[in-house]
Amino acid sequence: MQIKIIAVGKLKEKYLKEAVNEYLKRLSAYCKIEIVEIPEEKISDNPSKAEEDNVRQKEGQRIINAISERNYVISLDIKGKQLSSEELAEKIQYLAL
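Residues numbered from 1 in each chain as written. Predicted model: local features only at pLDDT ≥ 70, side-chain atom pairs only at ≥ 80, totals over all residues. Heavy atoms only, no water.

Peer 1: When you look at the overall build of the chain in this model, what are you seeing that I'm missing?
Peer 2: Along the backbone of the chain there are 3 helices and 2 strands. Relative to the globule expectation of 13 Å for 97 residues, the C-alpha radius of gyration of the chain, 16 Å, shows a markedly less compact shape. Across its three principal directions, the C-alpha atoms of the chain cover 45 × 35 × 25 Å. Looking at the 97 residues of the chain, the share that counts as buried comes to 9%. Intrachain contacts of the chain at a sequence separation of at least 6 include 64% that bridge at least 24 residues. Counting every atom, the chain has about 8,800 Å² of accessible surface; 52% of that belongs to carbon and sulfur. Both charge centroids of the chain, one from 17 positive and one from 17 negative side chains, sit 4 Å from each other. (Helix = DSSP H or I, 4+ residues; strand = E, 2+ residues; numbered from the N terminus. Rg over C-alpha atoms; globule rule 2.2 N^0.38 Å. Buried < 20%, exposed > 50% of the residue type's maximum accessible area, 1.4 Å probe, protein only. Contact = heavy atoms within 4.5 Å. Areas by Shrake-Rupley, 256 points an atom, 1.4 Å probe, with all protein chains shown as cover. Lys, Arg positive; Asp, Glu negative; His and termini not counted. Charge placed at Lys NZ, Arg CZ, Asp CG, Glu CD.)

Peer 1: Explain the pairing of strand 1 (residues 2-8) to me, please; I cannot follow it from the model alone.
Peer 2: Residues in a regular strand project their side chains so that they alternate between the two faces of the sheet. Relative to strand 2 (residues 32-38), strand 1 runs parallel, the two sharing 7 bridges. Across the sheet, residue I5 finds its bridge partner in strand 2, namely I35. Traced from strand 1 through helix 1 (residues 14-27) to strand 2, the parallel crossover comes out right-handed. (Pairing = 2+ DSSP bridges. Right-handed = clockwise from strand over helix to strand, strands pointing away.)

Peer 1: In this structure, what is going on with a nonpolar patch on the surface? I would like to understand it.
Peer 2: A contiguous nonpolar surface patch, about 850 Å² in accessible area, is contributed by M1, Y72, I74, L76, L83, L88, Y94 and L95. According to the relative accessible area criterion, M1 is partly exposed, its value standing at 46%. (Patch = residues over 30% accessible without salt bridge, like charges linked within 9 Å, V, L, I, M, F, W, Y side chains within 5 Å. Salt bridge = Lys/Arg side-chain N within 4 Å of Asp/Glu carboxyl O.)

Peer 1: Got a minute to help me understand the side chain of E41 in this structure?
Peer 2: By the element assignment, E41 lies in the loop between strand 2 and helix 2 (49-65). A polar side-chain atom of E41 sits 2.7 Å from a polar atom in the side chain of R62. Setting aside its immediate chain neighbours within four residues, E41 contacts V55, K58, E59 and R62. (Polar contact = N/O pair within 3.5 Å; in protein donor to acceptor, adjacent residues only side chain to side chain.)

Structure follows, in structure tokens:
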């Protein structure tokens, strides 16, 4: 199984980079994993609704360009359905079959 993580922007904090590297090390025993970082769009400190929409549109297009037709997409969003680690593992296992 191959997993591709598409992230907007780059991690800047050392502790987060270390955590990601630890998870990658652990997961690499079970699957091939790749992280694709796409550049985040610059935005003013006090953006208008139109500017926010424009930024989302541009970043969204970059995400879409990084996805191939054969990929199964799971989007991580704070407003989405929460899964435990076990539930996510079950979902990934199901998809691998």
